[in-house]
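Observations on the model geometry
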Amino acid sequence: MIWTALFLFISLSTSRNYAKVIESSNSEQDTVQMDSSAELSCGIWLAPSTIPGAGLGMYAGKAFSKGDFLQDVGDLVIPIVDIEEHAEAYSEEKWDFLWDEYTWNAENLHMNTEGSWTVNSASPGFGAAANSFLGIYNVEEYLPHVDMTGLHRAMDPGAGAFTPYYDRKSAAIRDIEVGEELFVSYGENWFESRSHFGPIPLFNELDTATDLARTFHRLCRDVNLSEDAQADLWGTFIQNSEFTDSRVFGAFSHNDVNEVKKLKTLSLKELRILQSTKTLDWLRLHGTCGDHIVAGPSTLRQAGHGGFASRDLPKGTVVSHLPLIHVTNRDRLLMYNMEADGNPDKDLGVLGKQLLLNYCFGHKDSSLLLCPYGPMTNYANHNVTSANVEIRWAD
């Protein structure tokens, strides 16, 4: 099995920073070549999301039945421990931590005992890469397992360098067709606490909106209203409605003048599933395979878990696509002697660093960190003498 040279292209122009790994047969050339994985069987794809402004999304490269796991081995989960308290010890200045948009409830993942105050669970694999559409979500994620790969916390230096939480699997909660975008549930509170996103429909709004559209069609039929009059009426009271905070009205596409006709035969759920489904040809053209890597105990004794090729990968294959989350100041990941807080006779002192630091890219002369996410992307380890993949940055 072969892992080969990769090219990493980074764009910071969208709300989700992302990087794309592209192969080139010549390390000096600037021309981007087509991804040779297009000819390989791929169960999961990463490609631009069908949700406007959501960056990348994940798609089914094959059909999944209800209950099927989408990965043989699940992703890592990294505890971020008491981040606010330690960040305030560094500086009281306001700090926006972009990872807050990507973390999961630590209590739900049985990880809340890691810290003294609060724990955030960074699930940088499937959990961070999949978007959420509550009305049609089709994937449920499970708890991670805890495994130190045989290392002893008191005797092995590598034990504190990697997260023991791994194998967080994802499963289909209904039958999923080829090409469907894969959606998880962020929960209603996630959207309700982010009013700047607008009236995003929650779990039941698509059903309520469908009932509204069917009532509209029934009333129009009862009074024998013409197609043009129906379009004008729908445009006036629904598409151009002043009820801008209504999640039911927000469930409709206000840019699709023909949507009301489509809802004569389809429910809004059925229509949104169709609209969030892409062909395999589209995925091959715009996406990157997301399941070339499978996890297992690393062959490096102190490295914990490692990433292995899940299939034979010809030279030139794009092994992984690396979207990125940026941390503007790496010193915000310092951890202090919080027992000295409020005691002038004791020095806070730096005790260590957040484990997340070990899963980010950085440079000694820069405060910026770039932390990759995406399925299985954090399993790859470092070995300079036997390296078989290479990361390259965009211009």
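Residues numbered from 1 in each chain as written. Predicted model: local features only at pLDDT ≥ 70, side-chain atom pairs only at ≥ 80, totals over all residues. Heavy atoms only, no water.

1. A word on the pattern of salt bridges
Cut-off, in case you're wondering: Salt bridges are identified by distance alone: a Lys or Arg side-chain nitrogen within 4 Å of an Asp or Glu carboxyl oxygen. Secondary structure elements are defined from DSSP: runs of H or I of at least 4 residues count as helices, runs of E of at least 2 residues count as strands, and each element is numbered from the N terminus. Think of it in three bands: with a 1.4 Å probe and only protein chains considered, a residue is buried below 20% of the maximum accessible area for its type, exposed above 50%, and partly exposed in between.
All chains considered together, the criterion is met by 13 salt bridges. Asp207 is the salt-bridge partner of Lys269, the closest N and O atoms lying 3.6 Å from each other. In this pair, Lys269 sits in helix α8 (residues 268-275) while Asp207 sits in helix α4 (residues 205-222), placing the two residues 62 residues apart along the sequence. On the basis of relative accessible area, Asp207 is assigned to the partly exposed category, the value being 35%. Here Asp365 and Lys364 are joined by a salt bridge, their closest N and O atoms 3.3 Å apart. Residue Lys364 is classed as exposed on the basis of its relative accessible area of 75%.

2. What about α4?
Defined as follows: What a helix should span is 1.5 Å times the count of its residues minus one. A contact between two residues is defined here by any heavy atoms of the two lying within 4.5 Å.
The first and last C-alpha atoms of α4 sit 26 Å apart over 18 residues, in line with the 26 Å expected at 1.5 Å per residue. Contacts from the buried residues of α4 go to α5 (227-239), α6 (247-250), α7 (259-262) and α8. Phi turns positive, to about 55 degrees, at Asn224, one or two residues after α4.

3. Concerning unusual backbone geometry
A positive phi is found at His110, a non-glycine position, where the angle reads about 60 degrees. In this fold, His110 is placed in the loop between β6 (103-105) and β7 (119-122). By relative accessible area, which is 55% here, His110 ends up exposed. Although it is not a glycine, Asn224 adopts a positive phi angle of roughly 55 degrees.

4. A short note on the confidence of the model for the protein chain
Test applied: Residue-level confidence of the predictor, termed pLDDT, takes values from 0 up to 100.
Across the protein chain, the average pLDDT comes to 86, with 88% of residues at 70 or higher. A low-confidence stretch, residues 1-38 stays under pLDDT 50, and its non-local contacts, those more than four residues away or across chains, total 123 contacts.

5. Some words on the environment of Gly55
In this fold, Gly55 is placed in the loop between β3 (44-48) and β4 (56-60). The class for Gly55 is partly exposed, based on a relative accessible area of 26%. With 76 residues separating them along the chain, Gly55 and Asn131 place their C-alpha atoms 9.0 Å apart. For Gly55, the residues in contact, after removing those within four places along its chain, are Pro48 and Ser49.

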